[in-house]
Amino acid sequence: MFRYALERWPADTYEIVALIDGEPTGDAADALAALRSLAEPSVNVTTRVVDLAALSEAELWSVEGLENTEQTPLLQVFYPERDGQRTLCWSGALTSANLNAWIESPLRKNILREIQTGASAVWVLVEGPDRSQNDALRADLESALREATAAITIPEGVIRREDAAQYLQDHPAASMDDVLRCDIPLSIKFTIERLRHDDENEVAFRAMVDGWTESIEAPFVFPVFGRGRMIEPLPAADFDAGSIIAACRYLVGECSCSVKALNPGVDLILKTDWQQTLGDQIVMVESADSGERVELAIPPGKDEIASTARNKVAAGDAEPDDGKIWVLVVMALGALAFTMKLRMGMKAE
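Numbering of residues starts from 1 in each chain and follows the order in which that chain's sequence is written. With pLDDT at 70 or above as the cut-off, local features in this predicted model cover only qualifying residues; side-chain atom pairs require 80 or more to be listed or tallied, and sums for whole chains, interfaces and linings still use all residues. In computing side-chain properties, one takes all heavy atoms of the structure into account and sets aside hydrogens as well as water.

Enquirer: How should helix α6 (residues 131–151) be read in this particular structure?
Expert: Since the α-helix turns once every 3.6 residues, residues separated by three or four places project in the same direction. Each helix is a run of H or I in the DSSP string that is no shorter than four residues. Each strand is a run of E no shorter than two, and both are numbered from the N terminus. By this rule the span expected of a helix is its residue count minus one, scaled by 1.5 Å. Look at α6: 30 Å from first C-alpha to last across 21 residues, which is about the 30 Å you get at 1.5 Å a residue. A simple rule labels every residue: compare its accessible area, found with a 1.4 Å probe on the protein chains alone, to the largest value its type can have, and call it buried under 20%, exposed over 50%, or partly exposed in between. Buried within α6 we find N134, L137, L141, A144, L145 and A148. End-on view of α6: buried residues confined to an arc of 105 degrees, all on one side of the axis. In α6, those exposed residues whose orientation departs by more than 90 degrees from the buried face are R131, S132, R146 and A150. For this analysis, residues touch if any pair of their heavy atoms sits within 4.5 Å. Taken together, the buried residues of α6 touch β5 (121–126), β6 (190–195), β7 (220–225) and α9 (241–252). Note that the arc is defined by the directions from the helix axis to the C-beta atoms.

Put into structure tokens, the structure is as follows:
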């Protein structure tokens, strides 16, 4: 699951909007120039500049998240769209410091480094104001992850890139979907990062988390995997080692659905060029007939297989996996809750 997400799920894009009322000056002008220069694929955001001075009275009423023109120049950040809808994540002054805080932060750099060097998932502990409670949750999480690391193994059938040529010759019926796309080490490895309660460098990270988990009281934990996907958190009050281990099994187990939109969670903004990190996504295989090396493009996945699996579950034909029940229930509720938040946000606006 975690490797499939890393290699095949593009990071969802946030939208960063600058609301101005005529061209700004000073630091706001510098921030606007920096915003206009941002370009994918270096970071998973799109940008837009809205000049209120150029809008009609009717158009002004359609501007989201603006109470009056005295708020400008304003910076807005919107979550990635879901089901065709979007919701405001954060808004504040259009400054270079605010823009830079959204594009990159120390904690997100750590998460990115760990994923790109082989972490199966990075567990983030979002701290509350009670230090003793934070430390206790950290100790419990460490213990559960040690147990998970010892108990979980990579599923059979995964073909490493260095073994692909020989394996595909020896097993003509093998699927190219089972070949790893990149050379990032594949191992069972879980790490922990702490989002501290009073860390001024992580305002953006906390805003992304708080807007998604607003009804959950800190401290809580959640895993980040793939290209920055975070899924529904587990609060300290409900912490159970078995739940953490089940979540880890789910992340390392076979991918049950290849369609990202059908999986719960929301991505973080991470500054990196994933294409450069993961490579050209091809596998070199020697032809059995001529001995020459040929390039085989790896297909994006088999949606029909995922669809068949979902149909079996709906019909009651699939065997339940007790170790995944808690994870699947929580994930489903998380996806439903996030969708409802988006819809409620749209109505409020």
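Enquirer: Looking at this structure, how should I read the packing of aromatic side chains?
Expert: Both the distance between ring centres and the angle between the ring planes are used here to describe each pair of aromatic rings. Only Phe, Tyr and Trp rings take part, Trp by its six-membered ring, and two of them pair if their centres are within 6.5 Å. Stacked means planes under 30 degrees apart, edge-to-face means over 60, and tilted covers everything else. The full count for this structure, using the stated rule, is 5 aromatic pairs. Plain terms: the ring middles of Y4 and W9 are 6.5 Å apart, the flat faces sit at 75 degrees to each other, and that makes the pair edge-to-face. What makes W9 buried here is its relative accessible area of 5%. Members of the aromatic cluster, each reached through a chain of ring pairs, are W212, F220 and F222. The side chain of R86 reaches across the aromatic face of F78, ending 3.8 Å from its centre. Both a distance and an angle decide whether a charge sits over a ring: NZ of Lys or CZ of Arg must be within 6 Å of the ring centre and within 35 degrees of the ring normal.

Enquirer: What's the story with the environment of A97 in this structure? I'm lost.
Expert: Take A97: it is sitting in helix α4 (residues 96–103). Taking relative accessible area as the criterion, A97 reaches 57% and is therefore assigned exposed.

Enquirer: Explain the environment of A29 here, please?
Expert: Among the structural elements, A29 can be located in helix α2 (residues 26–37). We classify A29 as partly exposed; its relative accessible area is 26%. In sequence terms A29 and P73 are 44 residues apart; their C-alpha atoms lie 9.4 Å from each other.

Enquirer: What is the right way to read the pattern of salt bridges from this model?
Expert: In a structure, side chains of opposite charge can pair up when their charged atoms sit close to one another. Salt bridges are defined as contacts in which a side-chain nitrogen from Lys or Arg sits within 4 Å of a carboxyl oxygen from Asp or Glu. Taken as a whole, this structure holds 10 salt bridges when the rule is applied. When the shortest N-O distance is used, the salt bridge between D12 and R229 registers 3.1 Å. Taken together, the residues span a long stretch of sequence, with D12 in the loop between α1 (2–8) and β1 (14–20) and R229 in strand β8 (residues 229–230) at a distance of 217 residues. Here D12 falls in the partly exposed class, since its relative accessible area comes to 27%. For R36, the salt bridge goes to E23, with nearest N and O atoms at 3.5 Å. One end of the pair, R36, is in helix α2; the other, E23, is in the loop between β1 and α2, with 13 residues separating them in the sequence. When salt bridges that share partners are traced, they join E127, D135, R194 and R196 into one network.

Function-wise, these values are silent; they only describe arrangement.
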